[in-house]
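So the chains spell out like this:
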Amino acid sequence: MKKKLVMIGNGMAGVRTVEEILKRNADIFDITIIGEEPYPNYNRIMLSNVLQGKTTIDDIYINEWSWYEENHIHLLTGEKVIKINREKKEIITDKDQVINYDELIIATGSSAFILPIPGSDLEGVIGFRTIEDTEKMLETAQNYKKAVVIGGGLLGLEAARGLIDRGMDVHVVHLLPTLMEQQLDAAAANLLRKDLEAQGMNFLMEKQSAEIYGESRVEGLKFTDGTSVECDLVVMAVGNIWREPC
């Protein structure tokens, strides 16, 4: 009789693990994969290209729906694990499903860190981590014109570039005096900034975010020095945090 393998998480690393298991011996496990997002496995790294219009969401899927079927994998999407009972060897989802397991893999990855400042729960404040985030940015760019990206690292600059390509006026807010400080020295960072400014990107350096203001939707961002910038969209690209499996 096959053992029951359950994997929490349908991301790149977890599914790659399942691919390796199948390659070594496809007859050991009955496999169930549970993913919180309503999509098959996709390449998150390519989301910037989707935002910039260089590719489409359909093109960044790594494993199509058919792959799960062909490998007899039970895939649950749009579902979240809320409890793991290690004694009974079972997990419970937010849709009240109880799934037993012999072996459990937790591959939940990380989620975008949202700064815990007033107004961070307003409509129009998002991270940049998922297909849903990307789709929200694309939709916003069709209806609004002013965006702020918090974070002057690679991800933030890619998000800003994509929003500019979609016709938005973009300000990049960064806490430090130079961009991409983990990768570039000051001279290289200044050259990069000049090049990006020539492409239409605006920068607010050495600014610490204090509050996002607006009624039901974001209208602007205030800083600790008392200055502010108006915007219709705030994208936080300030790092990721490990996702709790339940």
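Positions within a chain are numbered from 1, following the residues in the order the chain's sequence is written. Local features in a predicted model are, by the rule used here, given only for residues with pLDDT of at least 70; side-chain atom pairs are given and counted only at 80 or more, and totals for whole chains, interfaces and linings are based on all residues. Only hydrogens and water are set aside when side-chain values are computed; all heavy atoms of the structure are taken into account.

Visitor: Which parts of the structure should I look at to understand the overall build of the protein?
Guide: To qualify as a helix, a DSSP run of H or I must reach at least 4 residues; to qualify as a strand, a run of E must reach at least 2; elements of each kind are numbered from the N terminus. Summing up its helical and strand segments, the protein has 6 helices and 17 strands in all. Viewed in the frame of its principal axes, the protein has a C-alpha envelope of about 65 × 35 × 35 Å. The 246 residues of the protein split such that 44% are buried. Within the protein, contacts between residues separated by at least 24 positions form 63% of all contacts whose residues are at least 6 apart in sequence. Accessible area for the protein stands at about 13100 Å²; split by element, carbon and sulfur atoms hold 48% of it. For each residue, the accessible area found with a 1.4 Å probe, counting protein chains only, is set against the maximum for its type, and the residue is called buried under 20%, exposed over 50%, and partly exposed in between. Contacts between residues were defined by any pair of non-hydrogen atoms, one from each residue, lying within 4.5 Å. The accessible surface values rely on the Shrake-Rupley method and a 1.4 Å probe; as for residues, cover is taken only from the protein chains in view.

Visitor: Can you help me understand the sheet that holds strand S10 (residues 146–150) in this one?
Guide: The strands making up a sheet associate through backbone hydrogen bonding, with each pair oriented either parallel or antiparallel. By the convention used here, strands pair only if DSSP detects at least 2 bridges between them. Taking strand neighbours across the sheet as the criterion, the 5 strands line up as S9-S16-S10-S11-S12 in an open arrangement whose pairing is parallel. Edge positions in the sheet fall to strand S9 (125–127) and strand S12 (202–205), since each has one partner strand and no second. Between one strand axis and the next, the sheet turns by 25° as a mean value, whatever way the strands run. Sheet analysis places S10 next to strand S11 (residues 169–174), joined by 5 bridges and oriented parallel. Residue pairing for S11: Lys 146 is matched across the bridge by Asp 169. Here helix H4 (residues 131–143) sits on the sheet and contacts S9 and strand S16 (233–236); the angle it forms with S9, its principal contact strand, is near 140°. What counts as an axis is a line fitted to C-alpha atoms, over the stretch in contact for a helix, and the angles between N-to-C directions run from 0 to 180 degrees.

Visitor: Even after reading the chapter, I still don't get the pairing of S12, so can you show me in this structure?
Guide: In summary, the side chains of a regular strand alternate between the two faces of the sheet. Judged by which residues are buried, S12 turns out to be one-sided: Phe 203 and Met 205 face inward and are buried, whereas Asn 202 and Leu 204, on the alternate face, are not. Across 4 bridges, the pairing between S11 and S12 is parallel. In the sheet register, His 171 faces S12, and the bridge partner there is Asn 202. Following the chain from S11 across helix H6 (residues 186–198) to the adjacent parallel S12, one finds a crossover that is right-handed. If the strands point away from the viewer and the path from the first strand over the helix to the second runs clockwise, then the crossover is right-handed.

Visitor: Looking at this structure, how should I read the pattern of salt bridges?
Guide: A side chain with one charge may pair with a side chain of the opposite charge, provided their charged atoms come close. Salt bridge, as applied in this entry: a Lys or Arg side-chain nitrogen positioned within 4 Å of an Asp or Glu carboxyl oxygen. Evaluated as defined, the whole model comprises 10 salt bridges. Of the charged contacts in the structure, one is a salt bridge between Asp 225 and Lys 207, with a shortest N-O distance of 2.7 Å. Linking Asp 225 in the loop between strand S14 (218–223) and strand S15 (228–230) with Lys 207 in the loop between S12 and strand S13 (209–214), this pair joins segments that are 18 residues apart in sequence. Judged by relative accessible area, Asp 225 falls into the partly exposed class, the value being 45%. Taken together, the shared-partner salt bridges connect Arg 16, Glu 19, Glu 20, Lys 23 and Arg 24 into one network.

Visitor: I'm lost on the side chain of Asn 10 in this one. Help?
Guide: On the secondary structure map, Asn 10 appears in the loop between strand S1 (3–8) and helix H1 (12–24). Among the residues examined, Asn 10 registers a relative accessible area of 12% and is labelled buried. Side-chain polar atoms of Asn 10 contact the side chain of Tyr 68, separated by 2.9 Å. Residues within four places of Asn 10 in sequence aside, it is in contact with Val 15, Ile 33, Ile 34, Gly 35, Tyr 39, Pro 40, Asn 41, Tyr 68 and Leu 75. We call two N or O atoms a polar contact when they sit within 3.5 Å, provided that within protein one can donate a hydrogen and the other can accept it, with sequence-adjacent residues counted only if both atoms are side-chain atoms.

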